[in-house]
Amino acid sequence: MRPGDVEDEGAHARAGGRLPGDPVPDPGLGLGDEGRPAAPAPRPRPWRTAYGRALVRSLPPLLIVVAVLYDIFTPRYFTAGPLYTAAPLVAAPIYSRRGTALTGVAVVASVIGLQASKGVIHYVDSLTELITIATVAALAVFVNAFVRRTDERLATAREIAEAAQRAVLPEPAERIAGFEIAAGYEAAQADAFIGGDLYAVQDSARGVRLIVGDVRGKGMGAVAAVAVVIGAFREAAEQEATLEAVAQRLERALAREGTRRDGLDAFEGFTTAVLAELPHGTGTVRIVNRGHPPPLLLHGDGTLGPLPAREAALPLGMGELGVWPDRAEEIAFPGGATLLLYTDGLSEARDERGEFYDPYTRLAGRVFRHPAKLLDTLARDVRRHSGGGMADDMALLAVRRPRRGEHDHCHEP
């Protein structure tokens, strides 16, 4: 997500402050913003901190020093062989090849020097120990080379994943047709960049059109379905006269995709989605909801209203189960208000007690001057609520209509 202006309320919230109008928490009760019990912040893993990394990198020389001291201050028949062999093995995954080789040389040199000083270098057990340690040191260099090649492959895979995300889910412009826009995506799987959630923004002659959706399933099949939905949406948003017609185009696109799939997905594939249209110069928003969590409308004074569908509708791709005509619902979208669309990765995030994250209660009474600040605050808050572990992917899309006069080119009524 993109950072916004540092002086707005979202920045203040990230700094640990309260927003204007927020109740003052009682420090003795352990309450957070809006007087709610503060969810415990996720504890950073030691090896991910600078201190932890420095400690790990100091282990090989520390092992060598301890081994040498052990050999010096113990009788001859005591051996620190395990410590000597551990040093190059620990160095292999964290040092460079040169660093690993130097660690092995230091270990072998230390053993030879100590054995020579004690006059035991010619003994069979001492020679066996020296050969064993030298062999382990040489193997550590090969392990290091393997680890480096693996790291390079992982780096390449990450670059490809980032490129795929940018291609399938391009980040929308910060301002489109006078509306301020921000989008964010967090995959539940570690080191993943994209999954089955989607968002897209498309300007058209009839207004700015948006979609946020969640494809059933995981893996590459879900990513392929995401590409189909977004491709069909962009084409339909440009060509169709109504938002209802856009939804029907998506329905047909998923039906065609289903006939190409083999196995279970050919019969059970579907996508929950909410589509929105912001007509130019009307001060309204039109919404079609296909079995998706309802959007939220955050007003400029901090009041918050969910926008549930008046008539239930099946998700996209399930048209064969029944036919219900799509009916767009029109709601006032005044200046200073922000429309928030999200997937169930947000609303179904659980804390350690199994309680769901409730964006309505978390956002009520709060004001954000830019949608990027809203999404940044939400992402941090849901990670804190879930203890840092997301059970499902989360896609967020926020659109703010600036007040009259904030931007001269804004389409205000």
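Just so it is clear, the structure is predicted and the values come from calculations on it, not from any experiment. (Residues numbered from 1 in each chain as written. Predicted model: local features only at pLDDT ≥ 70, side-chain atom pairs only at ≥ 80, totals over all residues. Heavy atoms only, no water.)

J.: Just checking my understanding: could you explain the packing of helix 3 (residues 59-72) against helix 4 (residues 81-94) for this structure?
T.: Packed helix pairs are characterised by how far apart their axes lie and by the angle those axes make with each other. In contact at an axis separation of 8 Å, helix 3 and helix 4 are set at 175 degrees when each is read in the N-to-C sense. The angle between helix 3 and helix 4 places the two elements in the roughly antiparallel class. Each of L59, P60, L63, I64, V66, A67, V68 and D71 in helix 3 lies in contact with helix 4, whose residues at this interface are L83, Y84, A86, A87, V90, A91 and I94. (Axes fitted to C-alpha atoms, helices over the stretch in contact; angles between N-to-C directions. Helix = DSSP H or I, 4+ residues; strand = E, 2+ residues; numbered from the N terminus. Parallel < 35°, antiparallel > 145°, perpendicular 65-115°, else oblique. Contact = heavy atoms within 4.5 Å.)

J.: What exactly am I supposed to notice about the sheet that holds strand 11 (residues 394-400) here?
T.: Working definition: the strands of a sheet are paired by backbone hydrogen bonds and lie parallel or antiparallel to each other. Strand order across the open sheet formed by six strands is 1-2-11-10-7-8, with antiparallel pairing between neighbours. Across the chains shown, the open sheet's two edge strands, defined by having one partner strand only, are strand 1 (175-176) and strand 8 (304-306). Taken together, the five bridges between strand 10 (residues 338-342) and strand 11 define a ladder with antiparallel strand orientation. Residue pairing in the sheet places L341 in a bridge with L397 of strand 11. (Pairing = 2+ DSSP bridges.)

J.: Looking at this structure, I do not really get the packing of aromatic side chains. What am I missing?
T.: The geometry of an aromatic ring pair is captured by the separation of the ring centres together with the interplanar angle, meaning the angle of the planes. In this structure the tally under the stated criterion is one aromatic pair. Their ring planes at 0 degrees and their centres at 6.4 Å tell us that F179 and F333 sit as a pair that is stacked. Pair noted here: F179 is in strand 2 (residues 179-186) and F333 is in the loop between strand 9 (329-332) and strand 10, with a separation of 154 residues, a long-range link. (Phe/Tyr/Trp six-rings, centres within 6.5 Å; stacked < 30°, edge-to-face > 60°.)

J.: Hey, could you run me through the pairing of strand 6 (residues 284-290) in this one?
T.: Consecutive side chains of a regular strand alternate in pointing toward one face of the sheet and then the other. Most of strand 6 is tucked away: seven of the seven residues are buried. Burial along strand 6 is two-sided: the residues T284, R286, V288 and R290 and V285, I287 and N289 are all buried. Bridging between strand 6 and strand 9 involves four bridges; their strand directions are antiparallel. Looking across to strand 9, one finds that R286 is bridged to E330. (Buried < 20%, exposed > 50% of the residue type's maximum accessible area, 1.4 Å probe, protein only.)

J.: Would you mind going over the sheet that holds strand 3 (residues 197-204) with me for this structure?
T.: Reading across from one edge, 3-4-5-6-9 is the order of the five strands in this open sheet, with antiparallel pairing throughout. Strands with a single pairing partner mark the edges of an open sheet, and in this sheet they are strand 3 and strand 9. Geometrically, the sheet is characterised by an average inter-axis angle of 20 degrees between neighbouring strands, direction not taken into account.

J.: Explain a nonpolar patch on the surface to me, please; I cannot follow it from the model alone.
T.: A cluster of nonpolar residues, V56, L59, L62 and V66, forms a patch on the protein surface that exposes about 270 Å² of accessible area. Top contributing element to the nonpolar patch by residue count: helix 3, with three residues. Position of V66 among the secondary structure elements: in helix 3. For V66, a relative accessible area of 39% gives the class partly exposed. (Patch = residues over 30% accessible without salt bridge, like charges linked within 9 Å, V, L, I, M, F, W, Y side chains within 5 Å. Areas by Shrake-Rupley, 256 points an atom, 1.4 Å probe, with all protein chains shown as cover. Salt bridge = Lys/Arg side-chain N within 4 Å of Asp/Glu carboxyl O.)

J.: Would you explain the side chain of D71 in this entry?
T.: In this structure, D71 sits in helix 3. For the buried D71, no salt bridge exists, and the shortest N-O distance to an oppositely charged side chain is 4.6 Å, to K118. Of note is the side chain of D71, whose polar atom sits 3.5 Å from the backbone nitrogen of A80. Setting aside residues no more than four positions away along its own chain, D71 makes contact with F78, T79, A80, Y84, L114 and K118. (Lys, Arg positive; Asp, Glu negative; His and termini not counted. Polar contact = N/O pair within 3.5 Å; in protein donor to acceptor, adjacent residues only side chain to side chain.)

J.: What exactly am I supposed to notice about the pattern of salt bridges here?
T.: Following the criterion strictly, the structure yields 17 salt bridges and no others. The partner of E180 in a salt bridge is R400, and the shortest N-O contact between them spans 3.2 Å. Of this pair, E180 sits in strand 2 while R400 sits in strand 11, and the two are 220 residues apart along the sequence. Judged on exposure class, the residue E180 and its partner R400 are both buried. Between E330 and R286 there is a salt bridge whose closest N-O contact spans 3.7 Å. Here the residue E330 occupies a position in strand 9, and R286 occupies one in strand 6, the gap between them amounting to 44 residues. Each of R209, E244, E277, R286 and E330 takes part in a single network of salt bridges with overlapping partners.

J.: I would appreciate a short explanation of the pairing of strand 4 (residues 207-215) in the present structure.
T.: For strand 4, a buried count of nine out of nine residues is recorded, marking the element as mostly surrounded by other parts of the structure. By the bridge criterion, eight bridges tie strand 3 to strand 4 in an arrangement that is antiparallel. Along strand 4, the bridge assignment pairs V201 with L210. Hairpin geometry of strand 3 and strand 4 is characterised by an intervening segment of two residues between the two adjacent antiparallel strands. Two strands pair when backbone bridges link them, and strand 4 and strand 5 (residues 271-278) are joined in this way by eight bridges, in the antiparallel orientation. Pairing of L210 across the sheet is with A276, part of strand 5.

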